[in-house]
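Residues per chain, in single letters:
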Amino acid sequence: MNLIENKIKELESKRVNWNISQETIEFIINSLLFDKIKVLEIGTFNGYSALWFAKVADEVVSLEIDPERFSEAKKNLQGVDNVELILGNALEEVDKLDKKFNVVLIDGMKSEYMKYLEKVLNVLEEDFRIFVDNTISHKEKIKDFFEYLENSNELEWQETGIGDGLIVIKRKS
Ligand SMILES: C[S@@+](CC[C@H](N)C(=O)[O-])C[C@H]1O[C@@H](n2cnc3c(N)ncnc32)[C@H](O)[C@@H]1O
């Protein structure tokens, strides 16, 4: 078993509530059909989901606002060379990125979901998938986010019902 698999197993054995469910991240990973997978993650926490992405992606950029969680993730991702961890507020850091992404995981603070979405729309490739976690468990907290989606002429979305609720957003065809 390689470094990433070992680390995932270790974090799995001491999983905390904030980690995305294994079912959810497996669904995400298995649904990625891009030739080159470029992931932007909002909300690194201890690096659990970033490690999963590292298994399949060409590059991963993961943003974390909290210095202690950032340090913990750094340790957990030591030796993993396709993940860049950035310490900072996603609401400021996304604007500074000079890359484009085709996969986004929104898993930060629920009250900021709509703002994250507005920001990430500026750093997307033509074809993309945005995954948004906790869309059933925190439905009440993200009403503005749903309203934004409902009113969007560019985006279509689907609630998969997986884990705590997982929305997949793509460009309207
Ligand atoms: C639910 S946890 C992420 C879990 C992680 N994706 C995983 O599966 O292990 C949410 C994380 O988002 C971080 N966060 C909250 N607001 C943020 C912001 N504005 N910018 C970057 N990170 C943020 C929190 O500090 C927390 O570590």
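Heads up: these notes are all about the structure in this document. From a predicted model like this one, the values you see are computed outputs, not experimental measurements. (Residues numbered from 1 in each chain as written. Predicted model: local features only at pLDDT ≥ 70, side-chain atom pairs only at ≥ 80, totals over all residues. Heavy atoms only, no water.)

**As for helix H6 (residues 113-120)**
Working step 1: Residues of H6 that are buried include every one of Tyr113, Met114, Tyr116, Leu117 and Val120, and no others. Taken down its axis, H6 places every buried residue within 160° of arc, on the same side. (Buried < 20%, exposed > 50% of the residue type's maximum accessible area, 1.4 Å probe, protein only. Helix = DSSP H or I, 4+ residues; strand = E, 2+ residues; numbered from the N terminus. Arc of directions from axis to C-beta.)

**Here we look at the sheet that holds strand E4 (residues 101-106)**
Working step 1: Read across the open sheet, the seven strands follow the order E3-E2-E1-E4-E5-E7-E6; overall the sheet is mixed. With partners counted over all chains shown, the strands left at the sheet margins are strand E3 (83-87) and strand E6 (155-159), one partner each. Averaged over all pairs of adjacent strands, the angle between strand axes in this sheet comes to 15°, irrespective of strand direction.
Working step 2: The sheet contact formed by strand E1 (residues 38-42) and E4 spans four bridges and is parallel. Paired with isoleucine 42 across the two strands is isoleucine 106, which belongs to E4.
Working step 3: Docked against the sheet, helix H2 (residues 22-30) engages E4, strand E5 (124-133) and strand E7 (166-171), running at close to 20° with respect to E7. (Pairing = 2+ DSSP bridges. Axes fitted to C-alpha atoms, helices over the stretch in contact; angles between N-to-C directions. Contact = heavy atoms within 4.5 Å.)

**Regarding the packing of H2 against helix H3 (residues 48-56)**
Working step 1: Contact geometry for H2 and H3: axes closest at 10 Å, N-to-C directions at 25°. When the axes of H2 and H3 are compared, the pair comes out roughly parallel. When you trace H2 past H3, the crossing you get is right-handed. Across from Gln22, Ile25, Glu26, Ile28 and Ile29 in H2, the residues of H3 making contact are Tyr48, Ser49, Trp52, Phe53 and Val56. (Parallel < 35°, antiparallel > 145°, perpendicular 65-115°, else oblique. Left-handed = near helix turned anticlockwise from the far one by under 90°.)

**Re unusual backbone geometry**
Working step 1: Phi is positive for phenylalanine 45, which is not a glycine, with a value near 55°.
Working step 2: The topology assignment puts phenylalanine 45 in the loop between E1 and H3.
Working step 3: One non-glycine residue, asparagine 134, adopts positive backbone phi at about 70°.
Working step 4: By the secondary structure assignment, asparagine 134 is in the loop between E5 and helix H7 (143-150).
Working step 5: For asparagine 134, a relative accessible area of 8% gives the class buried.

**Section: the site of the ligand**
Working step 1: Lining the immediate environment of the ligand, one finds 23 residues, of which Asn19, Ser49, Glu64, Arg69 and Asp107 sit closest.
Working step 2: The contact in question runs from a nitrogen atom of the ligand to an N or O atom on the backbone of glycine 43, over 2.9 Å.
Working step 3: A distance of 2.9 Å separates a nitrogen atom of the ligand from a polar atom in the backbone of alanine 90.
Working step 4: Its free accessible area being 600 Å², the ligand has 96% of it covered by the protein chains.
Working step 5: Every element with two or more residues in the shell around the ligand is listed here: H3 and strand E2 (59-64). (Near = heavy atom within 4 Å. Polar contact = N/O pair within 3.5 Å; in protein donor to acceptor, adjacent residues only side chain to side chain. Areas by Shrake-Rupley, 256 points an atom, 1.4 Å probe, with all protein chains shown as cover.)

**Structural notes on the nonpolar core**
Working step 1: By size, the foremost hydrophobic cluster in this structure holds 30 residues, and its most contacted members are Ile25, Ile28, Phe53, Leu77, Val83, Val103 and Phe131.
Working step 2: Those elements that place two or more of their residues in this core are helix H1 (3-13), H2, H3, helix H4 (67-76), E3, E4 and E7.
Working step 3: If you tally residues by element for this core, the top one is H3, at six residues.
Working step 4: Not counting the four nearest positions on each side in its chain, phenylalanine 53 is found in contact with Ile25, Ile28, Ile29, Leu32, Val39, Glu41, Val60, Val103 and Leu105.
Working step 5: Of all hydrophobic cores here, the second largest spans 29 residues; its members include Val61, Ala90, Val94 and Leu149. (Core = buried A, V, L, I, M, F, W, Y, C linked by side-chain atoms within 4.5 Å.)

**Topic: the packing of aromatic side chains**
Working step 1: If you walk through the whole model with that rule in mind, you get six aromatic pairs.
Working step 2: Pairing phenylalanine 146 with tryptophan 157 gives two aromatic rings, centres 5.7 Å apart and planes at 50°, and the pair type is tilted. With phenylalanine 146 in helix H7 and tryptophan 157 in strand E6, this pair connects stretches of sequence that are 11 residues apart.
Working step 3: According to the relative accessible area criterion, tryptophan 157 is partly exposed, its value standing at 30%.
Working step 4: One aromatic cluster in this structure is built from Tyr113, Tyr116, Phe145, Phe146 and Trp157.
Working step 5: Positioned over the ring face of phenylalanine 146 is lysine 139, at 5.6 Å from the centre of the ring. (Phe/Tyr/Trp six-rings, centres within 6.5 Å; stacked < 30°, edge-to-face > 60°. Lys NZ or Arg CZ within 6 Å of the ring centre and 35° of its normal.)

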